[in-house]
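Notes for the structure review
Residues per chain are reported as follows:
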Amino acid sequence: TGGVGSVDIFKRISSGSWDFMVTLSPPIGEIKANMNFGQSVAINKPYGRDDVNVLIGAPGAAAAFVYAFSKNTNSWTLQSKLLASDATLSSEDRFGGQGAIALNEDMAFVGSSSMESVYVFRRSHDAGGGFVSWDSYSILRSSD
């Protein structure tokens, strides 16, 4: 399927070179032509924690999504698919498009250029520190 995309993750080692870790792809049941998975990527390793988090934009095809992956120990897991909470977006809305994703600790910021909005998501954890969910937190809009 053309235009699907994937993201290769590398880790810098002490010698200064880079070791390949994994290729992340969209879930099998969600693969669509021209979804442009990987057009925008944000990576964050929260201070004092062992997990590494990656947001991957897929702004193409009939809808636009951002996928949240996390690495704990040696495995990568798809945690969530982030969606605009107030609208059904199409590829023209550029949700999670090029340069439209930022990630800091447990906060994700996803832009939609045509809607002039930034969607803010917050990741929550249970009392034991385990991941619970990514939830819509706020929507920032431009003013006229």
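All of these numbers come straight from a predicted model, not from anything done at the bench.

1. Re the side chain of Asp106
Relative to the elements of secondary structure, Asp106 occurs in the loop between strand 7 (101-104) and strand 8 (107-112). Only 2.5 Å separates the side chain of Asp106 from the side chain of Arg123, close enough to count as a polar contact.

2. What to know about the sheet that holds strand 3 (residues 41-44)
One open sheet accounts for four strands, arranged 3-4-5-6; its pairing is antiparallel. Whereas interior strands pair on both sides, the edge strands pair on one side only; in this sheet they are strand 3 and strand 6 (75-82). The mean angle between the axes of side-by-side strands here comes to 20 degrees, regardless of whether they run parallel or antiparallel.

3. Notes on the pattern of salt bridges
Think of it this way: side chains of opposite charge can pair up when their charged atoms draw near. This structure, assessed with the given rule, holds two salt bridges. Across the pair Lys81 and Glu30 runs a salt bridge whose closest N-O atoms are separated by 3.4 Å. A residue pair is termed long-range when its members are at least 10 positions apart, and Lys81 in strand 6 and Glu30 in the loop between strand 2 (18-24) and strand 3 qualify at 51 residues. For Lys81, a relative accessible area of 30% translates into the label partly exposed. Owing to a relative accessible area of 25%, Glu30 belongs among the partly exposed residues under this scheme.

4. So, the pairing of strand 5 (residues 65-72)
Counting buried positions along strand 5 gives six out of eight residues, so the element sits mostly inside the fold. The pairing of strand 4 (residues 52-58) with strand 5 spans seven bridges and is antiparallel. Counterpart to Leu55 in the pairing with strand 5 is Ala68. Sheet topology note: the strand 5/strand 6 ladder contains seven bridges and is antiparallel. By the bridge assignment for strand 6, Asn72 is matched with Ser75. Between strand 5 and strand 6, which pair antiparallel in sequence order, lie two residues; one of them, Thr73, sits at a positive phi of approximately 50 degrees.

5. As for the environment of Met21
Relative to the elements of secondary structure, Met21 occurs in strand 2. Look at Met21 and you get partly exposed, because its relative accessible area is 30%. Once the C-alpha coordinates of Met21 and Asn74 are considered, the two residues, 53 residues apart in sequence, prove to be 9.3 Å apart. If near-sequence neighbours (up to four positions away) are discounted, Met21 is found in contact with Ile9, Phe10, Lys11, Lys71 and Trp76.

6. Quick word on the pairing of strand 8
Looking at chain direction, strand 7 and strand 8 are connected through four bridges and run antiparallel. The residue of strand 8 that forms the bridge with Leu103 is Ala108. Joining the antiparallel neighbours strand 7 and strand 8 is a turn of two residues, in which Glu105 adopts a positive phi near 55 degrees. As defined by bridge partners, strand 8 adjoins strand 9 (residues 117-125) across six bridges and the pair is classed as antiparallel. Opposite Gly111, over in strand 9, you have Val118 as the bridge partner. Between the antiparallel neighbours strand 8 and strand 9 lie four residues, among them Glu116 with a positive phi of about 50 degrees.

7. What to know about the packing of aromatic side chains
What the rule picks out here adds up to four aromatic pairs. With a centroid separation of 5.6 Å and an interplanar angle of 55 degrees, the aromatic rings of Phe37 and Tyr67 are classed as tilted. Placement of Phe37 in the loop between strand 2 and strand 3 and of Tyr67 in strand 5 is noted, with a sequence separation of 30 residues between them. The class for Phe37 is buried, based on a relative accessible area of 3%. Taking 6.4 Å as the distance between ring centres and 85 degrees as the angle between the ring planes, the aromatic pair formed by Phe37 and Phe69 counts as edge-to-face.

Parameters and conventions
Residues numbered from 1 in each chain as written. Predicted model: local features only at pLDDT ≥ 70, side-chain atom pairs only at ≥ 80, totals over all residues. Heavy atoms only, no water. Helix = DSSP H or I, 4+ residues; strand = E, 2+ residues; numbered from the N terminus. Polar contact = N/O pair within 3.5 Å; in protein donor to acceptor, adjacent residues only side chain to side chain. Pairing = 2+ DSSP bridges. Axes fitted to C-alpha atoms, helices over the stretch in contact; angles between N-to-C directions. Salt bridge = Lys/Arg side-chain N within 4 Å of Asp/Glu carboxyl O. Buried < 20%, exposed > 50% of the residue type's maximum accessible area, 1.4 Å probe, protein only. Contact = heavy atoms within 4.5 Å. Phe/Tyr/Trp six-rings, centres within 6.5 Å; stacked < 30°, edge-to-face > 60°.

Remember, this is a structural readout, not a statement about activity or role.
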